[in-house]
Amino acid sequence: MHHLFGLVLEQKDLSRAGDLFSLDDAEIEGSLSEALEQIRIISSSSDYQTNDNDQAVVEICITRITTAIRETESIEKHGKALVALWESCLEHKLKPSGKDEDTPHAKIASDIMSCILQNYNRLPIMALAVPVAVRFLQRGNKELCRNMSSYLSLAAISNVDLLVDHTDAIVKSVLQGNSMLLRVLPSLYEKQPQSINSHLKELVALMSQLEQAEQHHLLRVFQVVARRKQPEVLKECIPFLISHLRDPHHNDIILNILIEISGYEPVALASSLPMLKEIGESFPSLIGQMAKIFGAVGHLDEALLTLLILQVLCNMTLVEINTGNLRRAENLGCSEDSVPII
């Protein structure tokens, strides 16, 4: 280890710690893994959480080390030691005891996190880091969890396979309120559907609590499920999805999901036709798309289909009826004579 690093860490000499920044990055690069291991030992001591001097020394040294790793691009050389120190933080308290006040080990974890996870496109580093990163999601520190989720989302873009084995933990985190991770679920579903299928009803129940962009990510999950033709897992979610058709921001994607289902399992939508009819009466612009659903389900019960068409048409405006109902009737497979012109 470089003699100055050794002096500062062995003697926990805060007065000399600042001198580390006077050294060239290349001069200390070879000592960084050893220094990280020494920091792990210091931060694991029984009195670390109450020792302000040791905390200050560790904070300065970590800043110097992570700066040198970035400047010398030596993350792959020192990644193992960096992740080991990061993982050791999980053995200690991370949840803030006071308002917005991080614990000493939460500070270490936060300082190291960006140095590691900003390399989300480097597979060897992410293979080391992701199993540790997902464990932080359940440790009660909202700020760490939020930042971790942002990096994990980027990692999923580069290589979703890294997250597949941790799908259960990610879904659990989402259900606990970590909506940022919703964006990775569509990609994970392609690889690990079962872990998500068992929680679909709980996930769709989150819709009203989410921001618009988050709702879109969640609906993309259901779109993937529908395309994979798994009506049995979607059946209980259909009424929830239909109830959100009144939202103009999402009615298009929801209708596409329902149309997809009606194409191969129309019976799953049969009991929802009255609800669709009611929404169609309130939002006539949706009738064109709904006609595809009515048509698919109508093959199961033509009498019910005819009744629904007539009820919907009678509640639309005269302009809507006279200009559009014949075209919609054709979409439904009805003859022109069976549809009234008012």
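None of the values given here were measured: they were computed from a predicted structure.

Caption draft 1: Representation of the environment of Ser45 within the structure. Here Ser45 shows up in the loop between α4 (32-43) and α5 (52-72). In this structure the side chain of Ser45 is engaged in a polar contact, spanning 2.8 Å, whose partner is the backbone oxygen of Ile42.

Caption draft 2: Quick look at the environment of Gln215. Relative to the elements of secondary structure, Gln215 occurs in helix α15 (residues 212-227). Measuring from C-alpha to C-alpha, the distance between Gln215 and Ser179 comes to 9.2 Å, with 36 residues separating the pair along the chain. Those residues in contact with Gln215 that sit more than four places away from it in its chain are Met207, Ser208, Leu210, Asp247 and His250. Among the polar contacts listed, one links the side chain of Gln215 to the backbone oxygen of Met207, at a separation of 2.7 Å.

Caption draft 3: Main features of helix α19 (residues 273-282). Those residues of α19 that sit buried are Leu273, Leu276, Lys277, Ile279 and Gly280. Buried residues of α19, seen end-on, are gathered within an arc of 165° and therefore sit on one face of the element.

Caption draft 4: Examining the pattern of salt bridges more closely. Counted under the stated rule, the structure contains eleven salt bridges. With a closest N to O distance of 2.9 Å, Asp19 and Arg16 form a salt bridge. Overall, Asp19 belongs to the partly exposed group, its relative accessible area being 31%. For Asp25, the salt bridge goes to Arg64, with nearest N and O atoms at 2.9 Å. Of the two residues, Asp25 is situated in helix α3 (residues 25-28) and Arg64 in helix α5; the sequence distance between them amounts to 39 residues.

Caption draft 5: Highlighting the nonpolar core. Of all hydrophobic cores here, the largest spans 104 residues; its most connected members are Trp86, Ile116, Phe136 and Leu185. Discounting residues that sit within four places of it in the chain, Leu185 has contacts with Ile170, Val171, Val174, Ile196, Leu203 and Val221.

Caption draft 6: The arrangement of the packing of helix α8 (residues 123-136) against helix α9 (residues 142-158) in detail. It is at 10 Å that the axes of α8 and α9 come closest, and there the two elements cross at 145°. Like other packed secondary-structure pairs, α8 and α9 cross with a definite hand, here left-handed. The segment α8 lies against α9, with Met126, Val130, Ala133, Val134 and Phe136 engaging Leu144, Met148, Leu152 and Ala155. Of the residues contributing to the contact of α8 with α9, the split by class is nine nonpolar, no polar and no charged.

Caption draft 7: Spatial organisation of the packing of α15 against helix α18 (residues 251-264). At their nearest, the axes of α15 and α18 sit 9 Å apart, and the two run at 15° to each other. What the angle tells us is that α15 and α18 run roughly parallel. Classified by chirality, the crossing of α18 by α15 is left-handed. Touching His216, Leu219, Arg220, Phe222, Gln223, Ala226 and Arg227 of α15 are Ile253, Ile254, Asn256, Ile257, Glu260, Ile261 and Tyr264, all from α18. The residue inventory of the contact of α15 with α18, partitioned by class, reads eight nonpolar, three polar and three charged.

Reading the values: rules and limits
Residues numbered from 1 in each chain as written. Predicted model: local features only at pLDDT ≥ 70, side-chain atom pairs only at ≥ 80, totals over all residues. Heavy atoms only, no water. Helix = DSSP H or I, 4+ residues; strand = E, 2+ residues; numbered from the N terminus. Polar contact = N/O pair within 3.5 Å; in protein donor to acceptor, adjacent residues only side chain to side chain. Contact = heavy atoms within 4.5 Å. Buried < 20%, exposed > 50% of the residue type's maximum accessible area, 1.4 Å probe, protein only. Arc of directions from axis to C-beta. Salt bridge = Lys/Arg side-chain N within 4 Å of Asp/Glu carboxyl O. Core = buried A, V, L, I, M, F, W, Y, C linked by side-chain atoms within 4.5 Å. Axes fitted to C-alpha atoms, helices over the stretch in contact; angles between N-to-C directions. Left-handed = near helix turned anticlockwise from the far one by under 90°. Nonpolar A, V, L, I, M, F, W, Y, C, P; charged D, E, K, R; others polar. Parallel < 35°, antiparallel > 145°, perpendicular 65-115°, else oblique.

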